[in-house]
Amino acid sequence: MAEITWTEYQHRIKEESPVVLIPVGALEQHGPHLPMGTDHLIPTAISRLVAEEVAAIVAPPFNYGYKSQPRMGGGNHFCGTTSLDGHTLSIMLRDVIKEFARHGVRRIAVMDGHYENMMFLIEGIDLALRELRYEGIHDLKILRIEYWDFTSNETLTKVFPDGFPGYALEHAAVMETSMSLYLHPHLVRLEKLPDDPPADFPPYDVYPLNPAWTPASGVLSPAHGASADKGKNLIDEYVQRIATALKDEFPGI
Ligand SMILES: [Zn+2]
């Protein structure tokens, strides 16, 4: 969307009724080997590939997200991790959705790459739909997608032959490292892969958070075994299954 003109955009909205994909991520430490933009770089890349399969326009990504939580992102204490308050994220998404609706967009998919964003994105979607109803717009439909929900058991077994540690500990680990190796290998510092054992969190949170709970590298489980091949496996599956979901929900794209 940022790379086309307003007249091309307007024409496509009118003629194709495309779905507008909004990638959302974070600026967050991803260990010594992955870029801090990993959580928006991955869903943006997936969105661009999905847009080759269906009538879709990829909106500029949200590059900042909600605060990193220790048990899923390592915690917000790392240098570089730069986060929004929850209501800021909700209001940003509300505003952008309302603007797209004003342009005539009636099909949107929010493509999240950072787990902590979830409830604040739901809030932004809900506020936008509520306010648009007051303005007489009732036909806007929005999907909220977390790409990892599209992983089949078959692919999980291929990517984790020794057993899957769970999505929460997958921060900067095998999945994100593999996808980064496939999508943007020049941004991966494989020689910096840390040797920390998997994080061992108690089953509760504490505030203020205790940085000693998180491995010093910021990686929550070992990324050894990551490969571009595994990344391709994951990305191909996400693109194909997300495109199918969009076609199911938005006939004709
Ligand atoms: Zn991540």
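Here is what the cut-offs are and how they apply
- Residues numbered from 1 in each chain as written.
- Predicted model: local features only at pLDDT ≥ 70, side-chain atom pairs only at ≥ 80, totals over all residues.
- Heavy atoms only, no water.
- UniProt positions renumbered as here; feature names shortened; annotations may be inferred.
- Axes fitted to C-alpha atoms, helices over the stretch in contact; angles between N-to-C directions.
- Helix = DSSP H or I, 4+ residues; strand = E, 2+ residues; numbered from the N terminus.
- Parallel < 35°, antiparallel > 145°, perpendicular 65-115°, else oblique.
- Left-handed = near helix turned anticlockwise from the far one by under 90°.
- Contact = heavy atoms within 4.5 Å.
- Nonpolar A, V, L, I, M, F, W, Y, C, P; charged D, E, K, R; others polar.
- Buried < 20%, exposed > 50% of the residue type's maximum accessible area, 1.4 Å probe, protein only.
- Salt bridge = Lys/Arg side-chain N within 4 Å of Asp/Glu carboxyl O.
- Donors = N, O, S within 2.8 Å, 3.2 Å for Na, K, Ca; no water.

- Going by the annotation in an unreviewed UniProt entry, the name recorded for the protein chain is Creatininase, with Crenobacter oryzisoli given as the source organism.
- According to the UniProt record, the Cofactor (unreviewed entry) comment for the protein chain reads "Zn(2+)".
- Turning to the protein chain, the UniProt record has this under Sequence similarities (unreviewed entry): "Belongs to the creatininase superfamily."

**Looking at the packing of helix α4 (residues 86–103) against helix α5 (residues 118–134)**
- Two elements in contact, α4 and α5, have axes whose closest approach is 7 Å; the angle formed by their N-to-C orientations is 40°. Put simply, α4 runs oblique to α5. Helix-helix and strand crossings are classified by hand; for α4 and α5 the assignment is right-handed. Here α4 contributes Gly86, His87, Leu89, Ser90, Ile91, Leu93, Arg94, Ile97, Lys98 and Ala101 to the contact with α5, which in turn contributes Phe120, Leu121, Glu123, Gly124, Ile125, Leu127, Ala128, Glu131 and Leu132.
- Here the contact of α4 with α5 is built from residues that sort into eleven nonpolar, four polar and four charged.

**Section: unusual backbone geometry**
- Residue proline 208 is reached from tyrosine 207 by a cis peptide bond, and omega for that bond is -5°.
- Among the structural elements, proline 208 can be located in the loop between α7 (174–183) and α8 (228–249).
- Although it is not a glycine, serine 17 adopts a positive phi angle of roughly 40°.
- Look at serine 17 and you get partly exposed, because its relative accessible area is 38%.

**What to know about the pattern of salt bridges**
- One pass over the structure, following the stated rule, counts 13 salt bridges.
- Arginine 71 is the partner of aspartate 205 in a salt bridge, and the nearest nitrogen-oxygen pair spans 2.9 Å. Here aspartate 205 is found in the loop between α7 and α8, whereas its partner arginine 71 is found in helix α3 (residues 70–73), with 134 residues between them in sequence.
- According to the relative accessible area criterion, aspartate 205 is partly exposed, its value standing at 37%.
- Here arginine 71 falls in the partly exposed class, since its relative accessible area comes to 29%.
- Through salt bridges with shared partners, one network takes in Arg94, Asp95, Lys98, Glu131 and Glu135.

**Section: the coordination of the zinc ion**
- Within the protein, His30 (NE2), Asp39 (OD) and Glu176 (OE) serve as the donor atoms for the zinc ion, at 1.9 to 2.1 Å.
- Sequence spacing of the donors to the zinc ion: H-x8-D-x136-E. Taken together, the positions of histidine 30 in the loop between β1 (19–24) and α2 (38–50) and glutamate 176 in helix α7 put the pair 146 residues apart, joining distant regions of the chain.
- Residue glutamate 176 is classed as buried on the basis of its relative accessible area of 8%.

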